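So you can see what is in the structure, the chains are spelled out below.
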Amino acid sequence: MTANSRSRRGPPPAPPPPPSAPPSSPPSGAPVRVLVVEDDATVRRAVVRHLYDPAFEVAEAGDGEEAFELLASRKFDVVLADVVMPGANGIELLRHVRERAMDIEVIMMTAHNDLSLAFAAVHAGAFHFLKKPFSAEELRLHVLRASERQRSQARTRELEAELDGSRAAVRALGTSRAMREVREFVQRVARQMSTVLITGESGTGKEVVAREIHARSARARGPFVAVNCGGLAETLVEAELFGSVRGAFTGAEDRPGHFASANGGTIFLDEVGELPKAQQVKFLRVLQERKVTRVGESRERDVDVRVIAATNVDIKAAVAEKRFREDLYFRLRVEDIQLLAYHFLQKHGPATNPAVYRISPIALRALEAFDWPGNVRELEDAVRVGLEAATGDTLELEGLPADLRAVVLPISTAPESPTGSPAPFIASLDYAEARRRNVADFERAFVKTVLAAAEGNVTRAAQLAGLDRSNFRRILRRVAAESDDGPDDNDGDDEL
């Protein structure tokens, strides 16, 4: 009988286990791969029958030499080995596994009463020592426990290797002020779940930073999937990212896609600026709804992933040249700006203005829309200025520096006189009329700005304004009624 012919998964050609043996549950979705090594064929078949369950994938070996061959060619989680066998015995098999640092737990079996054998086996690294005869319930319990320990230790070693490697790489990048800021950035964003956009030239360690963010996050035990978007064939981008079903196109197979593979963890999309425009739309939808649709399939599938994107191209220039969608850039960049803004609010708030605990929607819009020419320090200074000016519990637009306010309100909210000097003209009006005109001008400027930022989409403009759709439409109609060139409200379409 060959080794392969003895490999079994699920029901072997033997009667099912007795009712006293409860159903088994593997510690993960994959079956526990078990190698049973026993020279007595009757005992070996009984052990296999005890493991009659889809939770186990069982292979058999009649002696130690056959077991060595199987261990060299296949992966196992647990080995069940008899201690006394002709040729290489169970203790030698155990030492073989340990000396080669295999990720396998070994359970020893014996019918002998010699406790010295048990001590020798445990001292050599055995997970457990089973005294024959044993019940199916006892066997399954110890196999599952051994598998759980094996997989836990294997995953721990993987995480430690990833973490050591990424930290060493980050340390190797240098100790300059710029790199200290990178480390601070990593520590700051690792605690959050928002999307992150990392920019920089090729070779500057963007993937290293992404791996460090993942390793320090609550998702560290989940997968980290790195995808080079620039290396994907344009015709296969969608299938690679979102998956495909067999027959969807020539050569298509059932594939989960990179997003599904990263479920529960982090997906790193390097060179995201190279994504084709058609796929940018679908990527944006995934960011917004956390759902993917495989090529050739209509069913949507939920994905729980954190997205870290990186690029070495000038995204703003790509947006200006219509090569990269502005709304996608906004989505990638905005979450990072919001994250930073609230970080600085928490950092400086207690000492500067403890009453302030939030940022108004319009102030956030200004922070997000501003083209920061310097670095993160300028954003930090802007938040500090806003904190100092705040009079309530909210950092308002009015408290931000003038250049930030101008981004959201690009035209003056004060009506000008025919000579261009607003003050005398306002002074000629009573309070109610002056206020009405200023509010109307403000609303007109505000609506114009947010509609432009939303590319005419009313629903998105309402979100940017921090209003629900009906209230924003009410303002929109009022502005249209008060202005000859105001935007028309279109109830049937979000596009204006």
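Parameters at a glance
- Residues numbered from 1 in each chain as written.
- Predicted model: local features only at pLDDT ≥ 70, side-chain atom pairs only at ≥ 80, totals over all residues.
- Heavy atoms only, no water.
- Pairing = 2+ DSSP bridges.
- Helix = DSSP H or I, 4+ residues; strand = E, 2+ residues; numbered from the N terminus.
- Axes fitted to C-alpha atoms, helices over the stretch in contact; angles between N-to-C directions.
- Contact = heavy atoms within 4.5 Å.
- pLDDT = per-residue confidence, 0-100.
- Buried < 20%, exposed > 50% of the residue type's maximum accessible area, 1.4 Å probe, protein only.
- Polar contact = N/O pair within 3.5 Å; in protein donor to acceptor, adjacent residues only side chain to side chain.
- Salt bridge = Lys/Arg side-chain N within 4 Å of Asp/Glu carboxyl O.
- Parallel < 35°, antiparallel > 145°, perpendicular 65-115°, else oblique.
- Left-handed = near helix turned anticlockwise from the far one by under 90°.
- Nonpolar A, V, L, I, M, F, W, Y, C, P; charged D, E, K, R; others polar.

1. Remarks on the sheet that holds strand E12 (residues 306–311)
Strands sit in the order E7-E12-E9-E8 across an open sheet of four strands; the sheet is parallel. Both edges of this open sheet fall to strand E7 (196–199) and strand E8 (224–228), since each of them pairs with a single strand only. If you compare each strand with its neighbour and ignore which way they point, the axes differ by 15° on average. The pairing of strand E9 (residues 266–270) with E12 spans four bridges and is classified as parallel. Residue Leu269 lies in a different strand from E12, and its bridge partner there is Ala309. Across the face of the sheet, helix H7 (residues 206–215) comes into contact with E7, E8, E9 and E12 while running at roughly 160° to E8.

2. Points about the confidence of the model for the chain
Across the chain, the average pLDDT comes to 76, with 74% of residues at or above 70. The low-confidence segment residues 1–25, where pLDDT is below 50, has 51 contacts with residues more than four positions distant or belonging to other chains. In the model, residues 410–428 has pLDDT below 50 throughout and makes 22 contacts with residues more than four positions away in sequence or in other chains.

3. Thoughts on the pairing of E9
Burial runs high along E9: five of the five residues are buried. Neither face of E9 is left uncovered, since the one carrying Thr266, Phe268 and Asp270 and the one carrying Ile267 and Leu269 both have all their residues buried. Strand direction decides the pairing type here: E8 and E9, joined by five bridges, are parallel. In the strand pairing of E9, Asn228 is matched with Asp270.

4. So, the environment of Arg44
Its location among the elements puts Arg44 in helix H1 (residues 41–50). The buried category is assigned to Arg44, whose relative accessible area is 8%. Sequence separation of Arg44 and Gly62 is 18 residues, and the distance between their C-alpha atoms is 8.2 Å. Here the side chain of Arg44 touches Glu60 through a polar contact of 3.1 Å, side chain to side chain.

5. So, the pattern of salt bridges
Going through the model one piece at a time under the given rule, you end up with 22 salt bridges. Here Arg100 ties to Glu99 by a salt bridge, and the two come within 3.9 Å at their closest N and O atoms. By relative accessible area, Arg100 is classed as partly exposed at 48%. A salt bridge links Glu207 to Arg211, with the shortest nitrogen-to-oxygen separation between them at 3.1 Å. On the criterion of helical spacing, the pair formed by Glu207 and Arg211 is a turn pair, its members being four residues apart in helix H7.

6. Section: the packing of helix H2 (residues 64–73) against helix H3 (residues 90–99)
Contact geometry of H2 with H3 gives a least axis separation of 10 Å together with a crossing angle of 20°. Viewed along their axes, H2 and H3 adopt a mutual orientation that is roughly parallel. In the packing of H2 onto H3, the handedness of the crossing is right-handed. Contacts from Ala67, Phe68 and Leu71 in H2 reach Leu93, His96 and Val97 in H3. For the contact of H2 with H3, the class distribution of residues is five nonpolar, one polar and no charged.

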